[in-house]
Amino acid sequence: YVVIGVNHMATGRSVYAEVGGYQLSTATGIASFESINNMPGSAETYLNRNDSKYLYAFTARRDCTGIDFCMTLPFPNEGFPFLETEEPPGFIFRAIMSPGGPGGPDPKKLIMARVFYAQK
């Protein structure tokens, strides 16, 4: 999977942003890719532009060994939490708390992320 989107913390629309990987059958969170430690610099792998600092891009796969900007989706034998072997992951995108005000940012002012699936 390739996940791309806008880091709404970098744009000033939220105080924190996150993409969560989930096992949909159990509604269990299994991994996250967030705005403080993971998103900065991730889009520069794909884009050589000044505005890439406002974007993120990462892959989600079973094994991220040697791959930068990657979300690991563990197999059941790798401990908890995990993603069932034949189950596709779900992704949830969050922009948390609007800077300077109570509540979250206005969804009409956010650009939704995209997930692409590709096989070799």
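Cut-offs used in this document
- Residues numbered from 1 in each chain as written.
- Predicted model: local features only at pLDDT ≥ 70, side-chain atom pairs only at ≥ 80, totals over all residues.
- Heavy atoms only, no water.
- Disulfide = S-S within 2.5 Å.
- Pairing = 2+ DSSP bridges.
- Helix = DSSP H or I, 4+ residues; strand = E, 2+ residues; numbered from the N terminus.
- Axes fitted to C-alpha atoms, helices over the stretch in contact; angles between N-to-C directions.

**Points about the state of the cysteines**
Cysteine pairs can be covalently joined through their sulfur atoms, and such a bond is termed a disulfide. Under the criterion given, the structure shown has 1 disulfide. In this model C64 forms its disulfide with C70; the gap between the sulfur atoms is 2.0 Å. Looking along the S-S bond of the C64-C70 disulfide, the torsion reads about -60°, which is the left-handed sense.

**Let's talk about the sheet that holds strand 6 (residues 90-96)**
If you trace the 3 strands from one edge of the open sheet to the other, you get 3-2-6, paired in antiparallel fashion. On the outer flanks of this sheet lie strand 3 (28-34) and strand 6, each paired with one strand and no other. Each strand of the sheet is rotated relative to its neighbour by a mean of 25°, with strand direction disregarded. Inspection of the sheet shows strand 2 (residues 16-23) paired to strand 3 by 6 bridges, in the antiparallel sense. Its bridge partner being in strand 3, V19 is matched across the sheet by F33.

So, to be careful, I would describe these as geometric facts and stop short of saying anything about function.
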